[in-house]
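# Topology and contacts: notes
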Amino acid sequence: MERKNVLVSDEELLRQREYMRRVRAISDARTRAPTALVDTFGCQQNVADGEVLAGMLAEMGYEPASDAADADVVLLNTCAVRAHAEQRVFGELGELSHTKAANPEQVIVLCGCMAQQRRVADKVRESYRHVDLVLGAQAEWRLPELLYGVLTQRKRAFALDDAGRIAEGLPVRRDGTVRAWVSIMYGCNNFCSYCIVPHVRGRERSRDPEKIIAECRELIAAGYKEIYLLGQNVNSYGNDLDAGWDFADLLAAIDAIEGDYWLRFMSSQPKDATKKLFDTMARCKHVAKCLHLPVQSGSDRVLAAMRRPYTRRGYMDLIAYARKVMPGLVLTSDVIIGFPGETEAEAMETVELVREAKFDALFTFLFSPRPGTPAAELPDPVPRAEKQRWFDRLLDVQNAHSASTHAAYVGKTVRVLVDGESDDPAFPLSCRTEGNRLVRAKGDKSRIGTFAAVTVTGSNTWALYGEVCE
Ligand code: SF4
């Protein structure tokens, strides 16, 4: 499949490989191996990008650091979706001026979605002069070349390329051995009026299905038990390919790989979710019967103002169909309260939708204006305290439903994937059900990385508690 305008060319990738070798030579010449800290903020897509950045750094001879003070390279892999995340990053950048003062050779890199924005780059250029390299989310594959420039010339660099390309075959250092993130596409074409993502990650571009399937096959053969397919809007996967593949076709092709694993995906736009997708999910053996379908609002007027091209009725019909073909489906969603101009009655329409939809879990957000998006320009007369009141009513409804759903599990035995250690010494194992419910369990740590049966003995709003059955 020829996609010359989208794929980073072999020549460009070879050039980056050459710069990896050059940086490696600098690392090897040091008296001790240099170290790098990759500090990732935000969504799973950023986590996946962080694993590629860490992979390139490993290839260049950097060992992982756990503390910025000791690291030779500190890379902040940032998120631009909410104002709070941005403030935290600027706070960390401020702290890093001290580590850099103590170690002037330290290289500080700002990358990810925040770094892709010109206003952020300008602010860093002027006010954070200790930052050596600003690398936008779409330019991260050029890290080797740019890092080499900083190391050899001690010159600041700003790379905000927005060509929207895909770099295949870069090294990856995965954080775990149980769950693997696989990006299937990048960018978004939807331009929801509150969202910064299309402005920083560019237009949708899908990876070739053969490359994705080969990556999943390798991961399953290597023993990964959970494969997470990632994209800003996986439901439009393939729209930019001329190969006739859509997301349902991709799911079915991966599902055909033999092995004991769960296949998950996120995120989905309701406007692109199809009956074909739900039918495919229903018949695929490895696809977890679990769907995250962000509704954002229960008011048709607010949905239109958000530029979300579906209606409340359309959304409810969609989830009714999904539940019909997948009985027991675990359904989760996102909701924004306090969109500019939203009235109390409209916010209560959202609360009512949540009551009616009976989501298994809900990710709730108070509207956060992002500079550069149309929603940030809208008049927003409702005081925050008032929005918070609406928000609390929403939480009451959802929390009551989550608690009663979880309570119904007590006494049952569920199949889980033991994915790590929990922070609760009484229930040391952290597990997930097929529906992605968190389970904390008693059991031996040797079970980590395996599927197990857990008898549920207790629950609260957020988790189930139980014991691994032998
Ligand atoms: S579909 Fe998702 S990522 Fe794309 S613009 Fe809308 S909210 Fe943002």
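The present account deals with the structure reproduced in this document. (Residues numbered from 1 in each chain as written. Predicted model: local features only at pLDDT ≥ 70, side-chain atom pairs only at ≥ 80, totals over all residues. Heavy atoms only, no water.)

If you walk across this open sheet you meet the three strands as E7-E10-E11, and the pairing is parallel. Two strands in the sheet have a free side with no partner beyond their single neighbour: strand E7 (179–183) and strand E11 (262–266). For this sheet, the mean inter-axis angle between neighbouring strands, taken without regard to orientation, is 25°. Against the sheet, helix H7 (residues 209–221) makes contact with E7 and strand E10 (226–230), and its axis sits at roughly 170° relative to E7, the strand it touches most. (Pairing = 2+ DSSP bridges. Helix = DSSP H or I, 4+ residues; strand = E, 2+ residues; numbered from the N terminus. Axes fitted to C-alpha atoms, helices over the stretch in contact; angles between N-to-C directions. Contact = heavy atoms within 4.5 Å.)

Bringing the packing of aromatic side chains into the picture now. In this structure the tally under the stated criterion is nine aromatic pairs. Summarising the aromatic geometry, the rings of Trp181 and Tyr228 are spaced 4.9 Å apart at their centres and angled 40° between planes, so their arrangement reads as tilted. In this pair, Trp181 is assigned in strand E7 and Tyr228 in strand E10, connecting sequence segments 47 residues apart. Ring centres of Trp262 and Phe451 lie 4.9 Å apart, and the angle between their planes is 75°; on these two criteria the pair is classed as edge-to-face. Taken together, the residues span a long stretch of sequence, with Trp262 in strand E11 and Phe451 in strand E18 (residues 451–459) at a distance of 189 residues. What makes Trp262 buried here is its relative accessible area of 5%. A relative accessible area of 13% places Phe451 in the buried class. Cluster of aromatic residues (ring-pair linked, three or more members): Tyr310, Tyr315 and Phe359. Geometry around Phe451 places Arg415 over its ring, the cationic atom sitting 4.1 Å from the centre. (Phe/Tyr/Trp six-rings, centres within 6.5 Å; stacked < 30°, edge-to-face > 60°. Buried < 20%, exposed > 50% of the residue type's maximum accessible area, 1.4 Å probe, protein only. Lys NZ or Arg CZ within 6 Å of the ring centre and 35° of its normal.)

Here the focus is helix H8 (residues 247–255). Residues of H8 that are buried: Phe247, Ala248, Leu250, Leu251, Ile254 and Asp255. Projection of H8 onto a plane perpendicular to its axis shows the buried side chains occupying an angular sector of 160°, all on one side. In this fold, the buried residues of H8 make contact with H7, E10, E11 and helix H9 (275–283). (Arc of directions from axis to C-beta.)

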